[in-house]
Amino acid sequence: MPVGHSWKTLIGWACDVSRGHLRVLWRVLTSHSTKKVFGFAAVVPVLALCLFVDSALIRWSGFAAEVLLEVDAALLDGGTQWMLLACCGVCLATLVWVRRRGGERVGNLESDFRNRLQAGGEDGFELSIRESDLIWHEPGTWLLGLAGLAALRYAMNYDRAARSTQALALLGLAALGQAAAVAVSWEPHRVVKARNLESKNTNKIEVGGNKEAPEEVQKSETEGGVERRDDGTTAVQERWTRARERGPDIRGAVAGTLVVLLACVAVFCREGMPEFHYRSRARLTGLWDNPNVFGALMAMGTVLAIAMVWPSEADGEDRPNVSGGSRCLNLIAHSVFHSPRSAMKRAFWLAAAVVLATGLLRSYSRGAWFGAAVGLAYLGWQLQHHPGKRELRILFPRLKLNCLVCAAALAVVASWSLRHAGGPVAQRAASVANSNDFSWRNRVASWEGALQMMTERPFFGLGWNRPQWVYVQFYGSSSVPDRGALQLNDYLILGTALGLPVLFCFASYVGLSLCPRAKAKPLRTTQERMRQQSGDGRQKTEPPAPPALDFGHWTLDSAAVCRAGAVVLLVGFWFDGGLFKLATGATFWILLELGRADTDERA
Amino acid sequence: MSELDSTAESAEVHRGCFLSALLRVPLRLCVKIPVRFFGAVLLALLFVGALVWAAGRDPFERRWFNVHPAGAAKAECIAILPKMAVRPLPVVVYLHGSGGELLGDGNELRQMAEMGIAAVGMEYEQKTEDRGQRAEDRGRRTEGRRQGAEGGDAFEGQFTSLLEYLQRQRWVDTNRIAWVGYSLGAQRLLSFAVRHPDLQPSLLVRLAGGWIPELEQFEVQSSRFKVQGSLSRPSTLNSQPSTSVLLVHAEHDEVFPLADAQRVAACLRTNGVPVELRVLPGESHGLGGNRLLVFRVIGEQCLTRLKGADALGIYRSILSWQAQAKPLWLFWMPALLWAAFWPWLRRKLVVGQASRLPPGRASVPASPILLSPQPVSAFDSPGPESGMAHPGAGGTAAPLFWWEIGLRWLAPILAAAALAQTALHLVPPRLPISERTLGIARGHLVQNKELGDFEFLTANPVWRGKPLKTLLEHVELANYNRELINWKLDEPIYQQFVLSPEIDPVADGDLSWRRPLWENFYPRIRKEQGPEAAAEIVARFLRERVTIAQGSGLASTVAEIWRRQIANERGFEAVYVAALRSVGVASRLGPQSQAEFWTGAAWQAAPRPLIGR
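These numbers come from a predicted model, not from an experiment.

Engineer: Outline the overall build of chain B, listing residues and values.
Structural biologist: Looking only at helices and strands, chain B has 23 helices and 13 strands in total. Within chain B, counting contacts between residues at least 6 apart in sequence, those at least 24 apart form 69% of the total. Carbon and sulfur atoms make up 58% of the accessible area of chain B, which totals about 27600 Å².

Engineer: A description of the overall build of chain A should follow, citing residues and the corresponding values.
Structural biologist: In terms of regular secondary structure, chain A is built from 25 helices and 6 strands. Within chain A, the fraction of its 603 residues that count as buried is 52%. Sequence separation of 24 or more characterises 77% of the internal contacts of chain A that already satisfy a separation of 6 or more. For chain A, the computed accessible surface area is about 26700 Å², with 66% contributed by carbon and sulfur atoms.

Engineer: Lay out the environment of A:R27 with the relevant residues and their values.
Structural biologist: Note on placement: A:R27 falls in helix α1 (residues 3–30). As for A:R27 and A:Y491, which are separated by 464 residues in sequence, their C-alpha atoms are 49 Å apart.

Engineer: So what about a nonpolar patch on the surface? Which residues, and what values?
Structural biologist: Residue and element names in this part refer to chain B. Nonpolar side chains collect at one region of the surface, where W329, L330, W332, M333, L336 and L337 lie side by side and expose about 590 Å² of accessible area between them. Broken down by secondary-structure element, the contributors of at least two residues to the nonpolar patch are α11 (328–331) and α12 (333–356). In terms of residue count, α12 provides more of the nonpolar patch than any other element does, 3 residues in total. Within the fold, L330 resides in helix α11. You can call L330 partly exposed: its relative accessible area is 38%.

Engineer: Quick one: what's the story with the sheet that holds strand β12 (residues 595–598) of chain B, residue by residue and with numbers?
Structural biologist: All names here are of chain B. A sheet is described by the order of its strands in space; here 3 strands give the open sequence β11-β12-β13, paired in antiparallel fashion. On the outer flanks of this sheet lie β11 (587–589) and β13 (603–605), each paired with one strand and no other. Across the sheet, the mean angle from the axis of one strand to that of its neighbour is 35°, orientation sign disregarded. Pairing of β11 with β12, which is carried by 3 bridges, proceeds in the antiparallel orientation. In the strand pairing of β12, R588 is matched with E596.

Engineer: Talk me through the pattern of salt bridges; I want residue IDs and the actual numbers.
Structural biologist: Overall, the coordinates contain 33 salt bridges over all chains when judged by the stated rule. One salt bridge connects A:R441 with B:E519, and the closest N-O pair in it is separated by 2.8 Å. Highlighted residues: A:R441 in helix α19 (residues 438–456) and B:E519 in helix α20 (residues 514–525), drawn from two different chains. Across the pair B:R543 and B:E300 runs a salt bridge, and its minimum N-O distance is 2.9 Å. One end of the pair, B:R543, is in helix α21 (residues 531–545); the other, B:E300, is in helix α9 (residues 291–307), with 243 residues separating them in the sequence. Here the residues in one salt-bridge network are B:E114, B:R296, B:E300, B:R543 and B:R545, joined through shared partners.

Engineer: Break down the packing of aromatic side chains for me, with residues and values.
Structural biologist: Ring pairs (aromatic) are described by centroid distance and by the angle formed between their planes. Under the counting rule described, the total for this entry stands at 42 aromatic pairs over all chains. Between the aromatic rings of A:F573 and A:F588, the centroid separation amounts to 5.2 Å while the plane-to-plane angle is 75°, which identifies the pairing as edge-to-face. Highlighted residues: A:F573 in helix α24 (residues 558–575) and A:F588 in helix α25 (residues 582–602), separated in sequence by 15 residues. A relative accessible area of 0% means that A:F588 is categorised as buried. An angle of 85° between the planes, with centres 5.0 Å apart, marks the rings of B:F159 and B:W179 as edge-to-face. With a gap of 20 residues between them, B:F159 in helix α5 (residues 141–168) and B:W179 in strand β5 (residues 172–182) connect regions that are remote in the sequence. The exposure classification of B:F159 matches that of B:W179, with both residues buried. Every member of this aromatic cluster is reached through a ring pair, and the members are A:F370, A:W447, A:Y491, A:F506, A:Y509, A:F573, A:W574, A:F575, A:F588 and A:W589.

Engineer: Residue-level account of the sheet that holds strand β3 (residues 89–95) of chain B, with values.
Structural biologist: Residue and element names in this part refer to chain B. Spatially, 8 strands are ordered β1-β2-β4-β3-β5-β6-β7-β8 in an open sheet, and the strand pairing comes out mixed. Looking at strand neighbours, the two that pair on one side only are β1 (60–67) and β8 (275–280), the edges of this open sheet. On average, adjacent strands in this sheet sit at an angle of 20° to one another, irrespective of strand direction. With 6 bridges connecting them, β3 and β5 associate as parallel partners. In the sheet register, V93 faces β5, and the bridge partner there is W179. On the sheet, helix α3 (residues 106–113) packs against β1, β2 (75–82), β3, β4 (118–122) and β5 and is oriented at approximately 35° with respect to β2.

Engineer: Tell me what's going on with unusual backbone geometry, and back it up with residues and numbers.
Structural biologist: With the exception of glycine, most residues fall at negative phi, and the peptide bonds are largely trans. Here the residue pair B:R87 and B:P88 is connected by a cis peptide bond, since its omega of 0° sits within 30 degrees of zero. By secondary structure assignment, the location of B:P88 is in the loop between β2 and β3. One non-glycine residue, A:R279, lies in positive phi territory at about 50°. Position of A:R279 among the secondary structure elements: in the loop between β5 (277–278) and β6 (281–282).

Engineer: Before we move on, can you summarise the pairing of β12(B) with the specific residues and values?
Structural biologist: Residues and elements named next belong to chain B. Of the two faces of β12, both are covered, the one formed by A595 and F597 as well as the one formed by E596 and W598. The sheet contact formed by β12 and β13 spans 3 bridges and is antiparallel. Residue F597 lies in a different strand from β13, and its bridge partner there is Q604. The loop that links β12 with its antiparallel partner β13 comprises 4 residues; one of these, G600, has a positive phi angle of about 115°.

Engineer: Could you give an account of the nonpolar core, with specific residues and numbers?
Structural biologist: Counting 161 residues, the largest nonpolar core has A:W288, A:W464, A:L494, A:F506, A:F588 and A:W589 as the members making the most contacts within it. Of the residues forming this core, the biggest block, 13 residues, is contributed by helix α13 (residues 291–309) of chain A. Excluding residues within four positions of it along the chain, A:W589 makes contact with A:L143, A:L146, A:L170, A:L173, A:A174, A:G177, A:F506, A:Y509 and A:L579. Judged by nonpolar contacts, the second largest core, of 62 residues, contains B:L445, B:L511, B:I537 and B:V575.

Engineer: How would you explain the confidence of the model for chain B if you had to name every residue and give the values?
Structural biologist: Residue and element names in this part refer to chain B. Summary statistics for chain B give a mean pLDDT of 85 and a share of 80% for residues scoring 70 or more. Contacts of residues 134–148 to residues separated by more than four positions or lying in other chains number 10 contacts, the stretch itself having pLDDT below 50. Considering only residues more than four positions removed or in separate chains, one finds that residues 360–395, a stretch of pLDDT under 50, has 83 contacts. The ipTM for the predicted assembly is 0.85, set against a pTM of 0.81.

Engineer: Outline helix α6 (residues 139–156) of chain A, listing residues and values.
Structural biologist: All names here are of chain A. End to end, α6 covers 26 Å across 18 residues, agreeing with the expected 26 Å (1.5 Å per residue, within 8%). Three or more residues of α6 are buried, namely P139, G140, W142, L143, L146, A147, A150, R153 and Y154. On an axial view of α6, the arc spanned by its buried residues comes to 165°, and they lie on one face.

Engineer: Any chance you could break down the pairing of strand β7 (residues 244–250) of chain B for me, citing the residues and the numbers?
Structural biologist: Residues and elements named next belong to chain B. Within β7, 7 of the 7 residues are buried, which leaves it mostly tucked inside the rest of the structure. Here β7 shows two buried faces, one formed by S244, L246, V248 and A250 and the other by V245, L247 and H249. Note: strand β6 (residues 203–207) against β7, 5 bridges, orientation parallel. Considered in β7, the bridge of L204 is made with V245. Relative to β8, β7 is paired through 6 bridges, and the arrangement is parallel. The partner of V245 across the bridge, within β8, is V275. In this fold, the crossover linking β7 to β8 by way of helix α8 (residues 258–270) has right-handed handedness.

Engineer: Which residues make up the packing of α13(A) against α24(A), and what values go with them?
Structural biologist: Residues and elements named next belong to chain A. Closest axis-to-axis distance for the α13/α24 pair is 9 Å, and the angle between their directions is 155°. By the angle class used here, α13 and α24 are roughly antiparallel. As α13 runs across α24, the sense of the crossing is right-handed. Along the contact surface, α13 presents A296, A299, M300, V303, L304, A307 and M308, while α24 presents V561, A564, G565, V568 and L569.

Engineer: I'd love a proper account of the side chain of A:S431, names of residues and values included.
Structural biologist: Along the chain, A:S431 turns up in the loop between α18 (424–430) and α19. Only 2.6 Å separates the side chain of A:S431 from the backbone oxygen of A:R428, close enough to count as a polar contact.

Calculation rules
Each residue is numbered by its place in its chain's sequence as written, counting from 1. The order in which chains are written sets their letters, starting at A; the order in which ligands are written sets their numbers, starting at 1. In view of the model being predicted, local features appear only for residues whose pLDDT reaches at least 70, and side-chain atom pairs are presented and counted only at 80 or more, with totals across whole chains, interfaces and linings using the full set of residues. Note: side-chain values were computed over all heavy atoms of the structure, leaving out hydrogens and water. Numbering of helices and strands runs from the N terminus, with a helix taken as a DSSP run of H or I at least four residues long and a strand as a DSSP run of E at least two residues long. Any two residues whose heavy atoms approach within 4.5 Å are treated as being in contact. To measure how exposed things are, a 1.4 Å probe is used in the Shrake-Rupley method; for residues, cover is taken only from the protein chains shown. Between buried and exposed lies partly exposed: a residue is buried under 20% and exposed over 50% of the maximum accessible area for its type, with that area taken using a 1.4 Å probe on protein chains only. Any residue with relative accessible area above 30% and no salt bridge may belong to a patch, with like charges joined within 9 Å and the nonpolar Val, Leu, Ile, Met, Phe, Trp and Tyr side chains within 5 Å. Within this document, salt bridges are pairs made up of a side-chain nitrogen of Lys or Arg and a carboxyl oxygen of Asp or Glu, the two lying within 4 Å of each other. At least two bridges found by DSSP between two strands is the condition for calling them paired. In this analysis, axes come from line fits to C-alpha atoms, helices being fitted only over the stretch in contact, and the angle between any two N-to-C directions falls in the range 0 to 180 degrees. Stacked, tilted and edge-to-face pairs are distinguished by plane angle, under 30 degrees for stacked and over 60 for edge-to-face with tilted covering the rest, among Phe, Tyr and Trp rings (Trp via its six-membered ring) whose centres lie within 6.5 Å. Think of a nonpolar core as a cluster: buried Ala, Val, Leu, Ile, Met, Phe, Trp, Tyr and Cys residues, connected wherever their side-chain atoms sit within 4.5 Å. Scored from 0 to 100, pLDDT records how confident the predictor is in each individual residue. Between the first and last residue of a helix there are one fewer steps than residues, each counted as 1.5 Å, and that sum is the expected span. Think of it as the arc spanned by the lines of direction from the helix axis to the C-beta atoms. Handedness is read with the strands pointing away from the viewer; a crossover is right-handed when the path from the first strand over the helix to the second is clockwise. Oblique is the label for every angle not falling under 35 degrees (roughly parallel), over 145 degrees (roughly antiparallel), or within 65 to 115 degrees (roughly perpendicular). What makes a crossing left-handed is the near helix being turned counterclockwise from the far one by less than a right angle; a clockwise turn instead makes it right-handed. Within 3.5 Å is the distance limit for a polar contact, defined as a pair of N or O atoms, with the added protein rule that one can donate a hydrogen and the other accept it, and that residues adjacent in sequence qualify only through two side-chain atoms.

Now the structure itself:
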């Protein structure tokens, strides 16, 4: 055998082997699991940095503390701060634009297909105009307005604004949130999928996760909680398939990582700083300098952990077929315990929730407690529309008023009864109704002063880094010696520093991000309208079709979990601040944007 | 003619379209996005209501403005106008000291404005003067003087512009203007007054000011005066005979020694200017914790000197003005009405829209809501999937579970319990004290640990006919405060001189003074370790808030004195004792009707405020 030939064979064999290995490697790299691993690998350090960079852990360490001091000095230096601010502003605008443009690209495909369908005649179906087509229904518009006004005000009183990092924190953290959302929603295969669907001329439109179908297809049979379609597949199976196609669940990864990191803090940081006490009991501060920051993060973590105990979209396959007596309780019990595949996972999240809730209680932060309650209520609101929780959907509207009355009455009774009795936690909770408590009285006094400031400077505000000083000197009541409470309310800081237009922009942005938008409503075809009328033209009395046209909408998915976390922090910002702090601010923007990313898909 | 008609017609059509659009848009929003629309309107109404309420409670109006002098940098200024005084207002122009800034002048300005005077502050040019000041300190007088003059030029432009601005304002009583300067501000003001005798104010107050070089020439004149017995020509220092000067100086001023102030006073006096020098014993240049007290006294002096001695008789305090402000719930009525009105409006609109739908669609009640998978609000009709009866769908209600029925019973029971408990805590305290109300209080409203104090107070017949709430407030607050303070009191001393609200028969009134005084004074003394330090803080803060005056028509009872923030000497002592008791310092009126407090071992005269009247 000639040597050359053998070499060629060997090289060919080697090439074959390596090609095979490469193919395997490529498959491994592009597999769902690998994507998940890389997703997690990217998420963990980013979140850990956001949570802990400004914490006591870093500030008390040697080398890192020096680096942090240098960074602080650079941020507070007026000469460099404006450049960083400009960079953050440009990043934010670009990311908003990229996100918006991605939506338009997909939207164009949709509108083309719609036009063709409508030109097709009877088989087509009408689509109402999407509200998201209107620019003011786009949260990004309001965010850009907010950022623009903030930057303008920064430029107007640059010398004073540069003495604090508030403006930089606002824009930088908002850009971070946008970046997270772009990273999550950057899924080019969706556009391809839309094209494929178009070419197949199916009777579905699937655009960026938005699915609409005529009612004939959407009609489903319900068999004891499991909804079966005409083609034999169940809705939950289809959703599960869709969830797999979407790739790694970054939102779930973010929420899970936050829970794990915060649970670690709650477990390992048992001692609070000596200067924070409530009735001689130390208030836990964790790694941060304030029990309120710790409390807000614990509250957020608790809500996220509790939310993750519930079955998510991916767990749809385990949905039970329950019927009989106390079906709601059975359903809950089954969801939590009877699914062997995820029982361990849920037990883990449950344990994390307990740990975090303990930390939350020991922070003695009433704002955080209230935030957790609001976050749980928001979760309940989301859960009400869960497709598998049909019983809950039945019961919630029917018992809403009773539940509200019971809760309010219990709160009143408890506030009167626990004024002078109960443990420190109960007394702390009841102290919101105690007129001798200066903590909330100072806050209310500062809110009043802030409103007066906004009344006198409604349009442009007082400028960055001025409201605190102006409040202490010009508006604070003489009966309140401690006038630092204004800094505890970030919304009033925004309103007084930048004016009511900025506050309006922020409220619109948050409102549009949190509230699901009105959906495209498939209207009935002419044929169906005709079918609904009897021969004499009078209306039939048959009940309307089931309203759940897009089952994905009703799911307690990871985006809803993210939104619940953001709601907790939103409440916390009212009572204790944190929008301009790295740990809470960054978490808030990331969660809100990740929650909104899903809303975009569904719109 | 026809063209005109058509134009008018089209205009009418346009107007009609516009008006109908104005109505249609909110109605459409109302139906299309009910939850968001309802929530947004509710929040907006609440927010606007709160804004209007807060503005109504604000005792001051603040006007930020800039003055633009020719050839100098613009200067930011603020005018604080009290809403409780009649306009035009006497004006005090205040200049802060070296290193100060306008944003740091607010408390001083407000302290003076509380007296019913418009207080104006300015961010004046002080950089050059700072250098001059330092040079002066080093003994290089000539250089300092030159540089000071440069800084003074910029200042003069700014200050002249400010005075011109004030002359143009309708709220300014141009015949009643005072200048108040602290430290560097005092130097600048006197210097300006000497250079511009035509612009001199009615009153110039120099707080912690020193000697200025411009006075040297007048000192020469005054020395001649001493020799010759009279001035050869009238001094420009008293070109306006109405101008008077008040010098307020700290005894241990480390920047400008007291001798400087005395020298200035002597110079001015010998030039025919009416001067009063007030020395603050034991104080330093910065005035320490007595700073606001001093500004209160300066405000009183400005008011009486600008408006006459009886001006204090018509003084109206912030608290009495705020007491007349309307409550918040009144401003939230529109929001509450909206919340109450919304379900009806929503139902009306949905029914109206359903009736306009074509026959085939009419079977779908509230179609945008039910078809849309959007979450349903509390006010929306339940969907057919809920299994509940729906008028349009003709469905039937699903049977109730046993626990649902239980919950439906539990809700009204709990609500009734909550209402009963709330009524028990709110209604009896508003009733006059009688055996019956005392029995209710003993049984339900007073804690066990407070029962002894409660019985101690009720044994006094002075309570008959007074509201139960006042008695409960004394018992509860005195006990609560006793738990918080860092010193201990024996039971008899505590009950006689802390818990008991009786101080002076003339000043006792309805005895309802403890809560307002405790809320104001306790936060200031909560870190003090002994009654001595607490008493000192109480005396200082009390004088910051209460003016001591003479004359008729002044408040006499403790609660009224605190509300009107003015009293005679006797009333001030009574309120002083009340304030001490409110924070847990045992106190009483002594033989000379002066406040005394219990140190833990003996009775001692209570600390006096830095300045009395």
